[in-house]
Amino acid sequence: MTDSIPLQPVRRPKRHDSKHRNGMISTESLKMNCLNIPLPSAFSCCPWSRCCGMGDFRPRTVWLGHPEKREQRYPKNVINNQKYNFFSFLPGVLFNQFKYFFNLYFLLLACSQFVEELRLGALYTYWVPLGLVLIITIMREAIEEIRCYLRDKEVNSQIYSKLSTRGTVKVKSSGIQVGDLIIVEKVCQCVFVSHHSCCLLLTGSCFLRTDQLDGETDWKLRLPVACTQRLPTASDLLQIRSYVYAEEPNIDIHNFIGTFTREDGDPPVNESLSIENTLWASTVVASGTVVGVVIYTGKELRSVMNTSNPRHKVGLFDLEVNCLTKVLFGALVVVSLVMVALQHFAGRWYLQIFRFLLLFSHIVPISLRVNLDMGKMVFSWMIKKDLKIPGTVVRASTIPEQLGRISYLLTDKTGTLTQNEMVFRRLHLGTVAYGMDSMDEVQSHVFSAYTQVRKSSTSTQKAPAATKVRKTISSRVHEAVKAIALVHNVTPVYESNGVTDQAEAEQHYEDTCRVYQASSPDEVSLVQWTESVGLTLVGRDQSSMQLRTPTGQILNFTILQIFPFTYESKRMGIIVRDESTGEITFYMKGADVVMAGIVQYNDWLEEECGNMAREGLRVLVVSKKSLTEEQYQDFEARYVQAKLSVHDRSLKVATVIESLEMEMELLCLTGVEDQLQTDVRPTLEILRNAGIKVWMLTGDKLETATCTAKNAHLITRSQDIHIFRQVTTRGEAHLELNAFRRKHDCALVISGDSLEVCLKYYEYEFMELACQCPAVVCCRCTPTQKAQIVRLLQERTGKLTCAVGDGGNDVSMIQEADCGVGVEGKEGKQASLAADFSVTQFKHLGRLLMVHGRNSYKRSAALSQFVIHRSLCISTMQAVFSSVFYFASVPLYQGFLIIGYSTIYTMFPVFSLVLDKDVKSEVAMLYPELYKDLLKGRPLSFKTFLIWVLISIYQGSIIMYGALLLFDSEFVHVVAISFTSLILTELLMVALTVQTWHWLMIVGELLSLACYIASLVFLHEFIDIYFITTVPFLWKVTTITLVSCLPLYILKYLRRRFSPPSYSKLTT
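Residues numbered from 1 in each chain as written. Predicted model: local features only at pLDDT ≥ 70, side-chain atom pairs only at ≥ 80, totals over all residues. Heavy atoms only, no water.

- Identification of the chain as Phospholipid-transporting ATPase from Kryptolebias marmoratus is taken from an unreviewed UniProt entry.
- UniProt, in its Catalytic activity (unreviewed entry) section for the chain, records the words "ATP + H2O + phospholipidSide 1 = ADP + phosphate + phospholipidSide 2."
- What the UniProt record of the chain gives under Cofactor (unreviewed entry) is the line "Mg(2+)". (UniProt positions renumbered as here; feature names shortened; annotations may be inferred.)

Written out as structure tokens, the structure is:
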């Protein structure tokens, strides 16, 4: 059966660190493909697992239906993604805030005011700003915790059916245990022990899809245990004495080793179990109902073990701001020491140092973190409300500015770049080709072939030499269509549609009730195409196949042998006997690289395969070979003997099959297209022009991945492709890397196995070469490998990465990347819920990065630098004031003035910078080259920081010295002149910084000015009300403000005039 409940990280950001590796695991319900029935969710293991003896993975013996007989303790089937509980919430939030230097610094400042010798003013001047920061943080964490609790509760309360001695009982997902017999319309990681009303009831088999686990979208056949399949009813499973011995949990999703033992048999029955008897979590059952015994739960699930733990993501911008605050703190310490040194360290100089540290504490602005956090919330709101990218969800509101600096984009293929819908596009017979617009001709050829079947059979009996006569186009088309309709692993399944029940539909081959299931979506598209041209697959079991002709006649074929497709052989074959004529025919289809040496000589195969591949089509070569009864009997005898071999079985079987694969008749080429998502090509073009390198990481096959990369123009037509050959040893990897090194401007295609060898021996060399490629395609990647590639890119390049995916197998990659984007698609919402950002279509990624990412980064940079400028201005004024008055540690502004300065007087205009933009969104999308400028981090650098520091020092000095020079008699006039000039300067500087005015900016400017003027009535303690109404006050303030701002306006004009930025050329 399956891993218990599919993995779904419901809550991912900021929830875990390295200390919680064995902690919480999040999950989601999946849906069954055909019935749309939800499967169970995944579980998180108990946080105290190691203490309870669950630290080591061991093999286990699981008794059917008797979980109480367990030999060891297993993880509970619950999820708990909450970071805190009721009692630890407040202490935990406070600890996480104050473990960082920035917040701890302000806490110590506020606490120092309880010491009388260090007090500089009212307590509220320090505690109110700090309290505001903490309240906002606590409210945000509380909201996230409540949402997480509700999600966990919903998943843990889902109801499932369990077989027990009391019959079928309902049990919550949190109550499922290892050993339980679960009726799988909802699934846990189990061995597939029985089924009822399954999609292929007669053969005892079932199809499932593993795209959530490994990225492969093909349907895989799973078989039940033989001895339990023969039981009359499901309840008999509880009457037999049997158990399963299963290997220890591991990350290998492609293999399983175990045994099934029935002790009450005579003699006891032992059966070996393999991957064919299992259904892992995060897989989808086609239809019907199965019963299984739960083998693994919690952290022992294959899907969970292949998923890395989510990490706490801190944006590069936040790290840069943190670095700047450390520089500012260093400046604070230096200024304080200089002030004390100029006093010649007189008296209790150590206390004076602390007083100056408090006095100049505004150099490190406490409002910086609040402004940036609120700005990020606004950016996230703008993303969600953008009508041009509907359905976009921001799940990590702390890193929107990361989207503006992406250098590497790593994307999944199936469901992300493609729609996972195969469409038949081309049939090529060598001399004639049929496209979508000429399929009616194929249909007429097939119809004529079967309406004249009697005449054809008669003429064949009279003229046996007719086989040497050149075949007509009609007969060639008929043979090609017939071959395509027979050489596959597709099974038609009939389901009730509300009008016709299942049994009746299966009996009469009802077209409206038929659904095709197969090991590959390519095969389904081929069979659907043969149905559209008149030859319909209506029935199939392990030994026979039925086709319906355009005239309604049923053709019966006996399946003698099937040779399934493998990654190594790149082809599949089938031997069938036509029941009406007794003819035995060997049909084969496969990739052109292997079929070219199998079919008879021709002069068009290679050229036409190349032409179709360049169109982005998946090409298959179809051939046939007629066998006599004697030839087949001889082959069968040798084939059976080879399969009984103990040594070199695979080699001997392949040799026998290859004896048939000679001089086969080439029938046709087929071209199938995996339809791309809407506007994938222009989106990838935008990303390339923006300087972003795109890597495609997929679990699909190499040929499929390469075709999709070409079709999506991830690899342009002018680029060479280097397909990294399969390597298994260090020497082979060394030779292949050297061969790759000699190529330039070449796209790389590599398989997961070869990638693993290269990273094991030549990690640095491989990554160096791969990073130089314009595009990289990694196929057959496991979820762990995807995350490893992301991690290596981050470590080797130091650049920001963005991972995009839509399935459960993409969760690790998404969580590892600096920015994770989930696409809501047919594969469920696992990736979407695990991601930092969720979109509904891949094409929305272009606007998300080019517009919102770019704006968020530039706005955050402007906002942070302006907040620093605001604080440095007042700190410079304090320094000038103290130096003039004999380096006294006396505050220039006290009480409400100091609080109002960074809040109601300047908060609205400064914060309105989050609405600023240099170009319109349409221009940003039209010229993605503008995005390149951000990759160097120029909007926030030490250069720009130093410029703003110089501006702050200049303006603060002008305002303070101007006030000191122009005041007449009372000191309170200095406060009035300097503070009013400071407020006006800040409002004018916002206007100087703004590039595109928004009406809310004007409102913010006027509101702040109005608040200041209105508050003057209540500030008589600090400002002389009568003085500010006089003309001298007005002209002094005007003069100081003009001197502080006018030179900067002139410099801005000259710069735009003689050295305009790149974006300004696009706005004129």
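1. Considerations on the UniProt feature "active site" (unreviewed entry) in the chain
- Under the feature "active site" (unreviewed entry), the UniProt entry names Asp412.
- Counting through the fold element by element, Asp412 comes out in the loop between β15 (406–411) and β16 (418–428).
- The class for Asp412 is buried, based on a relative accessible area of 2%.
- Here Asp412 is in contact with Leu417, Leu697, Thr698, Lys786, Val804, Gly805, Asp806, Asp810 and Met813, once residues within four sequence places are set aside.
- At 3.5 Å, the side chain of Asp412 forms a polar contact with the side chain of Lys786. (Helix = DSSP H or I, 4+ residues; strand = E, 2+ residues; numbered from the N terminus. Buried < 20%, exposed > 50% of the residue type's maximum accessible area, 1.4 Å probe, protein only. Contact = heavy atoms within 4.5 Å. Polar contact = N/O pair within 3.5 Å; in protein donor to acceptor, adjacent residues only side chain to side chain.)

2. Side note on the sheet that holds strand β32 (residues 819–823)
- Strand order in the open sheet formed by 9 strands is β14-β33-β32-β31-β15-β27-β30-β29-β28, and the pairing between neighbours is mixed. Whereas interior strands pair on both sides, the edge strands pair on one side only; in this sheet they are β14 (393–394) and β28 (720–723).
- Relative to strand β30 (residues 775–779), strand β27 (residues 693–697) is paired through 4 bridges, and the arrangement is parallel. The partner of Val694 across the bridge, within β30, is Ala775.
- Along the sheet, helix α23 (residues 763–771) contacts β15, β27, β29 (746–751) and β30; its crossing angle with β27, the most-contacted strand, is approximately 120°.
- Taken strand by strand, helix α27 (residues 844–884) contacts β15, β31 (800–805), β32 and β33 (837–839), and its axis lies near 140° from that of β33. (Pairing = 2+ DSSP bridges. Axes fitted to C-alpha atoms, helices over the stretch in contact; angles between N-to-C directions.)

3. Digging into unusual backbone geometry
- With a phi angle near 65°, His344 is a residue other than glycine that sits in the positive phi range.
- Not every positive phi belongs to a glycine, and Asp679 is a case in point at roughly 60°.
- Summarising the element assignment, Asp679 is placed in the loop between β26 (665–676) and α19 (680–689).

4. Observations concerning the pattern of salt bridges
- The final tally for this structure, using the stated rule, is 26 salt bridges.
- Among the salt bridges present, the one from Arg847 reaches Asp386, with a minimum N-O distance of 2.6 Å. Placement of the pair is Arg847 in helix α27 and Asp386 in the loop between α9 (367–385) and β14, with a sequence separation of 461 residues.
- Of the residues examined, Asp386 reaches a relative accessible area of 11% and is grouped as buried.
- A salt bridge links Asp918 to Arg854; the shortest N-O distance between them is 2.8 Å. Of this pair, Asp918 sits in the loop between α29 (907–911) and α30 (921–926) while Arg854 sits in helix α27, placing them 64 residues apart in sequence. An identical accessibility class is assigned to Asp918 and Arg854; each is buried.
- Overlapping salt bridges bring together Asp318, Lys376 and Glu401 as one network. (Salt bridge = Lys/Arg side-chain N within 4 Å of Asp/Glu carboxyl O.)

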